[in-house]
Amino acid sequence: MEHLTRLDATLAGVVGKHGPPPLWAREPGFPTLVQIVLEQQVSLASAKAAYAKLCLIANPLNPEIFLELDDLGLKEAGFSRQKIVYCRELSRAVLDGRLQLDTLEELGDDAVREELVKHKGIGPWSADIYLLEALLRPDIWPVGDLALASAVKELMELSRRPDEAELSEIGVPWKPWRAVAARILWHSYLSERGITM
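The structure displayed is predicted, hence computed values, not measured ones.

A. Examining helix α9 (residues 124-134) more closely. Of all eleven residues that make up α9, nine are buried, and the element is covered over most of its length. All of the buried residues in α9 are S126, A127, D128, I129, Y130, L131, L132, E133 and A134. The inward-facing, buried residues of α9 contact α3 (30-39), α8 (109-117) and α12 (178-193). Within two residues after α9, L136 carries a phi angle of roughly 55 degrees, on the positive side.

B. View of helix α4 (residues 44-57). The terminal C-alpha atoms of α4 lie 20 Å apart, and with 14 residues this matches the ideal 20 Å at 1.5 Å per residue to within 8%. For α4, the set of buried residues is A47, A50, Y51 and L54. Along the long axis of α4, the arc covered by the buried residues comes to 100 degrees, so they all point the same way. Seen from the buried face of α4, the exposed residues on the opposite side, beyond 90 degrees, are A45, K48 and L56.

C. Structural context of a nonpolar patch on the surface. Where nonpolar side chains cluster on the molecular surface, the patch consists of L44, I195 and M197 and spans about 260 Å² of accessible area. Of note, L44 is situated in helix α4. On the accessibility criterion, L44 (37% relative accessible area) is partly exposed.

D. A look at the side chain of T32. Within the secondary structure layout, T32 lies in helix α3. Judged by its relative accessible area of 6%, T32 is buried. A polar contact of 2.6 Å, which involves the side chain of T32, links it to the backbone oxygen of E27. Among residues more than four places away in sequence, those in contact with T32 are R26, E27, Y130 and A134.

E. Structural view of the nonpolar core. L54, F66, F79, L116 and Y130 are the most contacted members of the largest nonpolar core, which totals 58 residues. Here this core gets nine residues from one element, more than from any other, and that element is α12.

F. Quick peek at the packing of α3 against helix α7 (residues 81-95). One can describe the packing of α3 onto α7 by two numbers: an axis separation of 10 Å at closest approach and a directional angle of 160 degrees. Between α3 and α7, the angle falls in the class roughly antiparallel. Between α3 and α7 lies a crossing of right-handed hand. Two secondary-structure elements touch here, α3 through F30, L33, V34, V37, L38 and E39 and α7 through K83, Y86, C87, L90, S91 and V94.

G. Structural context of a negative patch on the surface. Together, E27, D102, E105 and E106 line one region of the surface with negative charge. Of note, E27 is situated in the loop between α2 (9-18) and α3.

H. Here's a closer look at the packing of aromatic side chains. According to the stated counting rule, one finds four aromatic pairs in the structure shown. Seen in terms of ring centroids, F30 and F66 are 6.4 Å apart; in terms of plane orientation they differ by 75 degrees. Their pairing is edge-to-face. Taken together, the positions of F30 in helix α3 and F66 in helix α5 (residues 63-68) put the pair 36 residues apart, joining distant regions of the chain. Residue class for F30 comes out buried when judged on its relative accessible area of 6%. Among the residues examined, F66 registers a relative accessible area of 0% and is labelled buried.

The rules behind these values
- Residues numbered from 1 in each chain as written.
- Predicted model: local features only at pLDDT ≥ 70, side-chain atom pairs only at ≥ 80, totals over all residues.
- Heavy atoms only, no water.
- Buried < 20%, exposed > 50% of the residue type's maximum accessible area, 1.4 Å probe, protein only.
- Helix = DSSP H or I, 4+ residues; strand = E, 2+ residues; numbered from the N terminus.
- Contact = heavy atoms within 4.5 Å.
- Expected span 1.5 Å × (residues − 1).
- Arc of directions from axis to C-beta.
- Patch = residues over 30% accessible without salt bridge, like charges linked within 9 Å, V, L, I, M, F, W, Y side chains within 5 Å.
- Areas by Shrake-Rupley, 256 points an atom, 1.4 Å probe, with all protein chains shown as cover.
- Salt bridge = Lys/Arg side-chain N within 4 Å of Asp/Glu carboxyl O.
- Polar contact = N/O pair within 3.5 Å; in protein donor to acceptor, adjacent residues only side chain to side chain.
- Core = buried A, V, L, I, M, F, W, Y, C linked by side-chain atoms within 4.5 Å.
- Axes fitted to C-alpha atoms, helices over the stretch in contact; angles between N-to-C directions.
- Parallel < 35°, antiparallel > 145°, perpendicular 65-115°, else oblique.
- Left-handed = near helix turned anticlockwise from the far one by under 90°.
- Lys, Arg positive; Asp, Glu negative; His and termini not counted.
- Charge placed at Lys NZ, Arg CZ, Asp CG, Glu CD.
- Phe/Tyr/Trp six-rings, centres within 6.5 Å; stacked < 30°, edge-to-face > 60°.

Structure, rendered in structure tokens:
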């Protein structure tokens, strides 16, 4: 963070106004992957509520117990039909060894991405969030994240939200600490809206 704020006045301005960003670290493993699936294309608040309900009916939250839950219980917890399919498939992949979450920490960023996106329901954004928050990789730049793109638009006073290619280009000067830059930008986005995580 110190390096980035010396390098970039925009990021320095965010830290000066809102303080250092939270780490937003998550425990690596199946529950975090399910939580990330729940966060796809919905608000943080609704994903958080759905995950809390899920943890009440699946305790502990593991693949075996998840597969015991019926559609009605999962829908009442806030799962869409599609996300039920995704998380059941992930449960089976973990159980039969096609997805070995405990070995991902040994792999490089691209190899982790490659392993995760093999599975239905895990796209580039979900893989990046897992890398950034669960594996705490320092140079992950989730170009598919709308909040990140919105923060860049606001702070750089752009006429529109940058697309993924533009956002990728914008992040280049912040290598090899783009995950830190992402946290600073998320911190701005959430703080300006009074959202706490």
